[in-house]
Amino acid sequence: MPELRQNIITREWVVIAKERAQRPDQFVRPKKNIPPLPKYQPDCPFCIGNEHLTIRETYRLIGDEGWKVRVVMNKYPALSPEGDRVRHVDGIYRSMTGVGSHEVVIESPRHDLCPALFSVQEMQDVIATYRQRYIGLKKDRRVEAIIIFKNHGESAGTSLPHPHSQIAAMPIVPTQIRNRMEEAIRFFDEMGECVFCRTLRLELLDRHRIVFESEHFVAFIPYAALSPFHLWIFPRRHVSSFDEIFDWEMQDLALNMNTVLGKIYHGLNDPDYNYSIRSVPAQDGNREYFHWYVTIIPRISKTAGFEIGSGMYINTSVPEESAAFLRDVNLPK
Ligand SMILES: [Zn+2]
Ligand SMILES: [Zn+2]
């Protein structure tokens, strides 16, 4: 019989289609016969030496041989840093000027890498850059929410293979963040505890859904994962906003993300994926009820009419089996 599970953090229900469920190894992407990427691509705007092809740089992490990570403005921004935040109300309709910022993080000077193939130090450089920009963007009082995200591969929303991610600073709090905040407040009111801390404690006791544990972070498949190999990485220390991360935690998050993305890359044969880092709204301080975290979603299954019509997902994998599969993937030395 199929089973419905509820995600306590989002209150979303998901159908775990146990009868239709595929074994974890059935999700391994078939090998594609494509030539490997070159280290340098002459017409790629993100390759080293092609800096003139990008517009306004907002940050650069310097290394021994030039830059290690660069942040530039998105050429086709969803939000612009110029102007005031102005709301318009016209009857039942409302609109707002699209102020904010939309930046691209060029994660490496090399064209042929991806986070799963980075060294831990390279991953840490990217995370340190995220923190630097988060702190910078947060100072802008027009900014209400900052989302860090990555699209890897075409079905995750990018056609540019050069490793990059994005940071969007928005003048509003998106509904998804607001809903999570409200659920977290409700849980805190009832239980007197952060729902994320509670979840983490229970997952560590149960252990069936744990994928990888490091000193300061725990990666696991949520009990009500929305899709196959949907994964969360929680910091063990309760803190609401990503930019509060300490240096030694950044080093450990780099190890954790590098390992988990490596397991996905090698175990499932480099599927497309998105990751994002979720925090409390930018102008809120530390809150007892909200806990920042990383979510990783391999784009293995397609959403269809059922998801659009109901807002509910059908997951054709069993979270405990997916976690066991990833736990057992060994990374090449
Ligand atoms: Zn490139
Ligand atoms: Zn917490």
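Placed above this text is the structure.
Quick caveat: nothing in here was measured; it's all calculated off a predicted structure.

Trainee: Just checking my understanding: could you explain the packing of helix H1 (residues 120-138) against helix H4 (residues 247-268) for this structure?
Mentor: The relative placement of two packed helices comes down to the angle between their axes together with the axis-to-axis distance. Running from amino to carboxyl end, H1 crosses H4 at an angle of 125 degrees, the nearest separation of the two axes being 8 Å. If you check the angle between H1 and H4, you find them oblique. In this structure, the crossing between H1 and H4 has a hand that is right-handed. Counted together, Val 120, Met 123, Gln 124, Ile 127, Ala 128 and Arg 131 of H1 and Asp 247, Met 250, Gln 251, Leu 253, Ala 254, Leu 255, Met 257 and Asn 258 of H4 form the full contact between these two elements. Class assignment for the residues of the contact of H1 with H4 results in 9 nonpolar, 3 polar and 2 charged.

Trainee: I tried to follow the pairing of strand S3 (residues 55-63) on my own but got confused; where do I start?
Mentor: With 7 bridges joining them, S3 and strand S4 (residues 66-73) adopt antiparallel strand pairing. Paired with Ile 55 across the strands is Met 73, a residue of S4.

Trainee: Got a minute to help me understand the coordination of the zinc ion (ligand 2) in this structure?
Mentor: Geometry sets the ideal angles at a metal, namely 109.5 degrees for four tetrahedral donors and 90 or 180 degrees for six octahedral donors. Every protein donor of the zinc ion (ligand 2) is accounted for by Cys 194 (SG), Cys 197 (SG), His 238 (ND1) and His 291 (ND1), and the metal-donor separations fall at 2.0 to 2.3 Å. Metal-centred angles of 104 to 116 degrees between the 4 donor atoms at the zinc ion (ligand 2) mark the site as tetrahedral. Written as a sequence motif, the donor arrangement for the zinc ion (ligand 2) is C-x2-C-x40-H-x52-H. In this pair, Cys 194 sits in the loop between helix H2 (175-191) and helix H3 (195-206) while His 291 sits in the loop between strand S13 (273-278) and strand S14 (293-298), placing the two residues 97 residues apart along the sequence. For the residue pair Cys 194 and His 291, the accessibility class agrees, reading buried in each case.

Trainee: Just to check I follow, could you spell out empty space enclosed by the protein for this structure?
Mentor: If a probe the size of a water molecule is rolled over the atoms, the empty space left behind becomes visible. Scanning the model with the defined rule gives 1 cavity of 30 Å³ or more in all. If you add up the space inside the largest cavity, you get close to 30 Å³. Taken together, Cys 114, Ala 116, His 152, Leu 261, Ile 264, Tyr 265, Asp 270, Pro 271 and Tyr 273 make up the full set of residues lining the largest cavity. By residue number, the principal contributor to the lining of the largest cavity is H4, which donates 3 residues. Counted by class, the lining of the largest cavity contains 7 nonpolar, 1 polar and 1 charged residues.

The rules behind the values
- Residues numbered from 1 in each chain as written.
- Chains lettered and ligands numbered in written order.
- Predicted model: local features only at pLDDT ≥ 70, side-chain atom pairs only at ≥ 80, totals over all residues.
- Heavy atoms only, no water.
- Axes fitted to C-alpha atoms, helices over the stretch in contact; angles between N-to-C directions.
- Helix = DSSP H or I, 4+ residues; strand = E, 2+ residues; numbered from the N terminus.
- Parallel < 35°, antiparallel > 145°, perpendicular 65-115°, else oblique.
- Left-handed = near helix turned anticlockwise from the far one by under 90°.
- Contact = heavy atoms within 4.5 Å.
- Nonpolar A, V, L, I, M, F, W, Y, C, P; charged D, E, K, R; others polar.
- Pairing = 2+ DSSP bridges.
- Donors = N, O, S within 2.8 Å, 3.2 Å for Na, K, Ca; no water.
- Tetrahedral: all angles 85-135°; square planar, octahedral: opposite > 155°, others 65-115°.
- Buried < 20%, exposed > 50% of the residue type's maximum accessible area, 1.4 Å probe, protein only.
- 1 Å grid on protein atoms, 1.4 Å probe; cavity = no way out; pocket = protein on both sides within 12 Å on 5 of 7 lines; lining within 4 Å.
- Points joined across faces, edges and corners; volume = space filled by probe spheres on them.

By themselves, these observations are geometric and do not establish any function.
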